[in-house]
Amino acid sequence: MTNHVENITIVGGGTAGWLAASTLHAALNGRNEGPGINITVIESPSIPTVGVGEATTVSMGITLGLLKVDEKDFIKRCNGSFKGAVKFSNWDHDKDGNPTTFFHPFEAPGYLYGTHLAYYYNKVAKKGGQPSFVHSVVPSLAMLEQFKAPRSFDDKDFNGGAFSYAYHMDATLVAAFLSEYATGLGVKHIRDDVDAVNLDERGWVKSLSLREGGDHPIEFVIDCTGFRGLIINKTLKEPFLPYGDWLLCDRALALQIPHTEEGRVAPYTSSTGLNSGWMWNVPLYTRLGTGYVFSSQFATDQEATDEYLAHLGLADSGLEPKVLPMRIGRSQRNWVNNCLAIGLAGGFIEPLESTSIHFTQMAIRWFIDHFPDKAMSPALADAYNKLTTNLYEDIRDFITMHYQTSNRTDTPFWLASRHDVKAPDSLTERLELWKYKIPSALDISERYTMFENWNYICILAGKGYF
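Visitor: Help me out: how do you make sense of the environment of Trp434 in this one?
Guide: Following the sequence through the fold, Trp434 ends up in the loop between helix H13 (425-433) and helix H14 (453-462). Given the relative accessible area of 1%, Trp434 is considered buried. A C-alpha to C-alpha distance of 36 Å links Trp434 and Glu307, two positions 127 residues apart in sequence. Leave out the neighbours within four places in its chain, and Trp434 touches Pro439, Asp443, Ile444, Tyr456, Leu460, Tyr465 and Phe466.

And the structure:
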């Protein structure tokens, strides 16, 4: 065991940093397979957390189950609520120019005699007068639209209810929850600023110069410094690959407002198309987390703020939303030498389908599966980086599809999103194929994909693509 990795340092807290610390400790120190691993989180006291509402995918339940936390306690502590779908409004218009609405549920439409229900639906729908595809084949939507929860108090924790679900939660509270959990298990927490990242003669991270704590030696470091990419980009000079050629939105506004549905919490996230992007609505237990993701090419911060507040009915409120610049794209490699970038430091694609925390979870799980010894074979990093690249491109294509298949022509942004932005070749090939056939699992060829054929079917059916 002389080659055993003994120390992991995580630079940066927030959801990504504390999720990494909690999951690594639960997985690596819970197996009793040898010496334990010391995990340290270095969190800056001078860099504030953004703290907007977050929405997850169903994989969050798997992670929380691994941590063996109580689901009710998690929801209570994190101001959480259930999420069973995403509701899209005003992403497309009907033949009269009126906004349409469709859902992307977590419950997958099934098969009949080996044939996807979408085939049967399309045959019947030609006759007219049918409910939407997902309303016809996804029973959970009837519950969601009546604001019903997916589980009762007596059901088993983590997707033990009527249908699959994820969560809405306050990101600041989640970080605090996971910080308390991790430090309670022995994860060391250092509140200090990193003034310098020091490399050895090989170009590996040797140590960190802490403002108060002095030299902190590094064996393996995880970069969770957000869009700064302090270690992966600024120190190791790993190139950042922007996705601006495919996705135009690069800024966001965020605001917390009271519930508009008195006494009810919607069990789904909402995404509403506006003039230069789209607005999210994440219903937490005590409030709504809202935001406007937009393109700075088509609206200034003030123009976007005016439109956003007017849409919320708060034009004369005097409220000032947070302005959040977004770095859309990814680092060329997320694992370089003895550094792994997780969360926003590794990459970010606009939060349309709540992919950020999902990607963080997969990045940690894959790192555990490829966990190195001190030699840190390049074969491990190469295999890991192929997985993360595939996932970034998979998410990029799925999000780009929402814009490429929109039929809106009422603003310059929506026209540009379809006509001036070239879709990735991988997406173009699929969309051309799906003009003539329903998406099948055979069309999704990556070793791991976040979005399966039924996810594509639900979105494209909702948009009237078939």
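Visitor: Just to check I follow, could you spell out the sheet that holds strand E21 (residues 329-331) for this structure?
Guide: Picture the strands of a sheet paired through backbone hydrogen bonds; they go either parallel or antiparallel. Spatial ordering of the open sheet is given by E15-E21-E24, a layout of three strands whose pairing is antiparallel. Edge positions in the open sheet fall to strand E15 (240-242) and strand E24 (347-348), since each of these has one partner strand only.

Visitor: Mind showing me how you'd approach the packing of helix H1 (residues 14-28) against helix H10 (residues 356-369) here?
Guide: Two numbers describe how H1 lies on H10: the axes approach to 10 Å, and their chain directions differ by 35°. Every pair of crossing elements has a handedness; the one defined by H1 and H10 is right-handed. Contacts between H1 and H10 involve Thr15, Ala16, Leu19, Ala20, Thr23, Leu24, Ala27 and Leu28 from the former and Ile357, Thr360, Gln361, Ile364, Phe367 and Ile368 from the latter. Across the contact of H1 with H10, the residue classes tally to 10 nonpolar, four polar and no charged.

Visitor: Explanation requested: helix H7 (residues 171-184) in the structure shown.
Guide: End to end, H7 covers 20 Å across 14 residues, agreeing with the expected 20 Å (1.5 Å per residue, within 8%). Taken residue by residue, H7 has Ala171, Val174, Ala175, Phe177, Leu178, Ser179, Tyr181 and Ala182 as its buried positions. At the C-terminal side of H7, Gly186 shows a positive phi close to 115°.

Visitor: Please clarify how the nonpolar core should be interpreted in this entry.
Guide: Nonpolar side chains tend to gather and get buried jointly when the protein is soluble and globular. Membership of the largest hydrophobic core comes to 95 residues, with the highest contact counts inside it found for Ile8, Ile10, Leu24, Phe74, Ile222 and Tyr403. Counting residues per element, this core draws most heavily on helix H11 (residues 378-404), at 10 residues. Apart from residues lying up to four places away in sequence, Ile222 is in contact with Ile8, Thr9, Ile10, Val11, Leu24, Leu340 and Ile342. Ala118, Val138, Ile438 and Cys458 belong to the second-largest nonpolar core, a separate cluster that totals 18 residues.

Visitor: Quick question: what am I supposed to make of the pattern of salt bridges here?
Guide: Opposite charge on two side chains makes pairing possible when the charged atoms of those side chains draw close. On inspection of all chains with the given rule, the structure shows 21 salt bridges. As a salt-bridge pair, Arg333 and Glu238 come within 3.0 Å of each other at their nearest N and O atoms. Of this pair, Arg333 sits in the loop between E21 and strand E22 (335-336) while Glu238 sits in the loop between helix H8 (230-235) and E15, and the two are 95 residues apart along the sequence. Among the residues examined, Arg333 registers a relative accessible area of 36% and is labelled partly exposed. Salt-bridge contacts for Arg251 lead to Asp301; the nearest nitrogen and oxygen are separated by 2.8 Å. Taken together, the residues span a long stretch of sequence, with Arg251 in strand E16 (residues 251-257) and Asp301 in helix H9 (residues 301-312) at a distance of 50 residues. Taking relative accessible area as the criterion, Asp301 reaches 27% and is therefore assigned partly exposed. It is possible to trace a salt-bridge network through shared partners that takes in Glu71, Arg151 and Asp157.

Visitor: What is the right way to read unusual backbone geometry from this model?
Guide: What is expected of a backbone is that most residues other than glycine have negative phi and most peptide bonds are trans. Despite not being glycine, Asn90 shows a phi value in the positive range, around 60°. Along the chain, Asn90 turns up in strand E5 (residues 85-93). Asn90 sits in the buried class, given a relative accessible area of 16%. With phi around 55°, Ser354 is a residue other than glycine that occupies positive phi space. Structurally, Ser354 is set in the loop between E24 and H10.

Visitor: Help me understand the sheet that holds strand E11 (residues 194-199), please; the structure alone is not making it clear to me.
Guide: Pairing in this open sheet of three strands is antiparallel, and the strands run E11-E12-E13 from one edge to the other. The outermost strands of the open sheet, each flanked by one partner alone, are E11 and strand E13 (214-217). Each adjacent strand pair in this sheet contributes to an overall mean axis angle of 25°, direction not counted. As paired elements, E11 and strand E12 (residues 205-210) share five bridges and run antiparallel to each other. Considered in E12, the bridge of Val194 is made with Leu210.

Visitor: Mind showing me how you'd approach the pairing of strand E1 (residues 7-11) here?
Guide: Each regular strand carries side chains that alternate between the two faces of the sheet. Counting buried positions along E1 yields four of five residues, so the element is predominantly enclosed. Strand direction decides the pairing type here: E1 and strand E14 (residues 220-223), joined by four bridges, are parallel. By the bridge assignment for E14, Ile8 is matched with Phe220.

Visitor: Honestly, H14 in this entry has me stumped. Any pointers?
Guide: Residues lying three or four places apart along an α-helix face the same way, a consequence of the helix completing one turn every 3.6 residues. When you tally the buried positions in H14, you get eight out of 10 residues, the bulk of the element. Those residues of H14 that fall on the buried side of the exposure criterion are Asn453, Trp454, Asn455, Tyr456, Ile457, Cys458, Ile459 and Leu460. Where H14 ends, the next residue or the one after it, Gly464, has phi of about 70°, a positive value.

Visitor: Just checking my understanding: could you explain the environment of Gln130 for this structure?
Guide: Looking at where Gln130 falls in the secondary structure, it is placed in the loop between helix H4 (117-125) and helix H5 (133-137). Discounting chain neighbours no more than four positions away, the residues touching Gln130 are Tyr121, Val124 and Ala125.

Visitor: Honestly, the packing of aromatic side chains in this entry has me stumped. Any pointers?
Guide: A ring pair, where both rings are aromatic, is described by two values, the distance of the centres and the angle of the planes. Applying the stated criterion across every chain yields a total of 30 aromatic pairs. Relative to Phe294, the ring of Tyr292 lies with its centre 5.5 Å away and its plane at 45°, an arrangement referred to as tilted. Since its relative accessible area comes to 0%, Phe294 is described here as buried. Between the aromatic rings of Trp434 and Tyr456, the centroid separation amounts to 4.9 Å while the plane-to-plane angle is 55°, which identifies the pairing as tilted. Note that Trp434 is positioned in the loop between H13 and H14 and Tyr456 in helix H14, a separation of 22 residues in sequence.

Criteria and cut-off values
Residues numbered from 1 in each chain as written. Predicted model: local features only at pLDDT ≥ 70, side-chain atom pairs only at ≥ 80, totals over all residues. Heavy atoms only, no water. Helix = DSSP H or I, 4+ residues; strand = E, 2+ residues; numbered from the N terminus. Buried < 20%, exposed > 50% of the residue type's maximum accessible area, 1.4 Å probe, protein only. Contact = heavy atoms within 4.5 Å. Pairing = 2+ DSSP bridges. Axes fitted to C-alpha atoms, helices over the stretch in contact; angles between N-to-C directions. Left-handed = near helix turned anticlockwise from the far one by under 90°. Nonpolar A, V, L, I, M, F, W, Y, C, P; charged D, E, K, R; others polar. Expected span 1.5 Å × (residues − 1). Core = buried A, V, L, I, M, F, W, Y, C linked by side-chain atoms within 4.5 Å. Salt bridge = Lys/Arg side-chain N within 4 Å of Asp/Glu carboxyl O. Phe/Tyr/Trp six-rings, centres within 6.5 Å; stacked < 30°, edge-to-face > 60°.

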